[in-house]
Amino acid sequence: MLTIYAQNLGKKFNNEWIFRNFSFEFQANKPVAITGNNGSGKSTLLQVISGILPASEGKIFYKVNDKVITTENFYKYLAWASPYMELVEELTLTEMIQFHKKLKGLQTAHLVEILRLENARHKYIKNFSSGMKQRLKLGLAFYSPVPVLLLDEPTTNLDQENTLWYRSEMQRLLGEKLIIVASNQPEEYEFCKVKISLQ
Ligand SMILES: Nc1ncnc2c1ncn2[C@@H]1O[C@H](COP(=O)(O)OP(=O)(O)OP(=O)(O)O)[C@@H](O)[C@H]1O
């Protein structure tokens, strides 16, 4: 069982505090939504939680059962989908999936079919539509064999059908993973029992 402990976290950029005194214990089976207006610090908090960005004050640490995981190693436990996470544009879909499989593993041999991208197997990612890219990012994250799933604005660029797909995947993953969603669209995080609003 993996737990993320945030204790009095604060982050500032150029002497401007984005948030301060943020404390929370994140656990599997307790999906959390981080909400707030544009610029309130949702993405920044998600990056500090993941260890990608260092905190300016406070402490973030991770435990699997009673074993502490170092910040440097935490990425191994984590899958992301976010607007600032780039796909490798020079690869085709088939190559991208192979690459991800080697790097992180993949729990399905049928991702192309799940994403309904059969006609794009040999298309370069750079030629994907924004919705196709978003589906791929989500699919890679959902089917990575890791216990933590961090989602930033997950349904950006998704049409209604794909938003329904996102919601059904979330129902499947709820009991399995530690999920944190940064969003200001209620339909993206309605399944989250805990909602933390940044001001
Ligand atoms: N690398 C950086 N350097 C300086 N300021 C930054 C940096 N990254 C973010 N900020 C600032 O931090 C604040 C919070 O940004 P952040 O992207 O976390 O907000 P957000 O709540 O995710 O916004 P949105 O809903 O628009 O995605 C903003 O004022 C932003 O300009």
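Residues numbered from 1 in each chain as written. Predicted model: local features only at pLDDT ≥ 70, side-chain atom pairs only at ≥ 80, totals over all residues.

The name an unreviewed UniProt entry gives the protein chain is ABC transporter, with Raineya orbicola as the organism.

1. Here we look at the site of the ligand
Quick note on the threshold: Residue proximity rests on one test: whether the C-beta atom, placed from the backbone, lies within 6 Å of the molecule or strand. Any residue outside Ala, Val, Leu, Ile, Met, Phe, Trp, Tyr, Cys, Pro, Asp, Glu, Lys and Arg is labelled polar, Gly included; the first ten of those are nonpolar and the last four are charged.
In the vicinity of the ligand, the contacting residues are F13, N14, I18, G36, N38, G39, S40, G41, K42, S43, T44 and N184. Of the residues belonging to the shell around the ligand, the class tally is 2 nonpolar, 9 polar and 1 charged.

2. Side note on the environment of L174
Here is the rule: The secondary structure listing takes helices from DSSP runs of H or I that are at least 4 residues long and strands from runs of E that are at least 2 residues long, numbered from the N terminus. Two residues qualify as a contact pair if the distance between their C-beta atoms, derived from the backbone, is within 7 Å.
Along the chain, L174 falls in the loop between α6 (160-173) and β8 (178-182). The spatial distance from the C-alpha of L174 to the C-alpha of I18 is 29 Å, given a sequence separation of 156 residues. Discounting chain neighbours no more than four positions away, the residues touching L174 are P31, I179 and F191.

3. Description of the pairing of strand β7 (residues 148-152)
Cut-off, in case you're wondering: For every residue, the other C-beta atoms within 10 Å of its own C-beta are counted; 20 or more classify it as buried, 12 or fewer as exposed, and values in between as partly exposed. C-beta atoms are placed from the backbone. For two strands to count as paired, DSSP must find a minimum of two bridges between them.
Most of β7 sits inside the fold, with 5 of its 5 residues counted as buried. Residues V148, L150 and D152 line one face of β7 and the alternating positions L149 and L151 line the opposite face, and both faces are buried. Bridging between strand β6 (residues 78-81) and β7 involves 4 bridges; their strand directions are parallel. Within β7, the position partnered with W80 by the bridge is L150. Two elements, β7 and β8, share 5 bridges in a ladder whose sense is parallel.

4. Let's talk about the pairing of strand β3 (residues 32-35)
Bridge analysis of β3 against β8 gives 3 bridges, and the strand direction is parallel. Following the sheet pairing, I34 is matched in β8 by A182. As paired strands, β3 and strand β9 (residues 194-197) are joined by 4 bridges and run parallel to one another. When the bridges of β9 are listed, T35 appears paired with S197.

5. Quick look at the sheet that holds strand β2 (residues 16-27)
Sheets are built from strands that pair by backbone hydrogen bonding, the pairs being arranged parallel or antiparallel. Defined as follows: What counts as an axis is a line fitted to C-alpha atoms, over the stretch in contact for a helix, and the angles between N-to-C directions run from 0 to 180 degrees.
If you trace the 4 strands from one edge of the open sheet to the other, you get β2-β1-β4-β5, paired in antiparallel fashion. In the strand order of this sheet, the two ends are held by β2 and β5 (67-69), each with one partner. Pairwise comparison of adjacent strand axes, ignoring direction, gives a mean angle of 25° for this sheet. Sheet topology places strand β1 (residues 2-13) next to β2; 8 bridges connect them, and they run antiparallel. Across the sheet, K11 pairs through a bridge with F19, a residue of β2.

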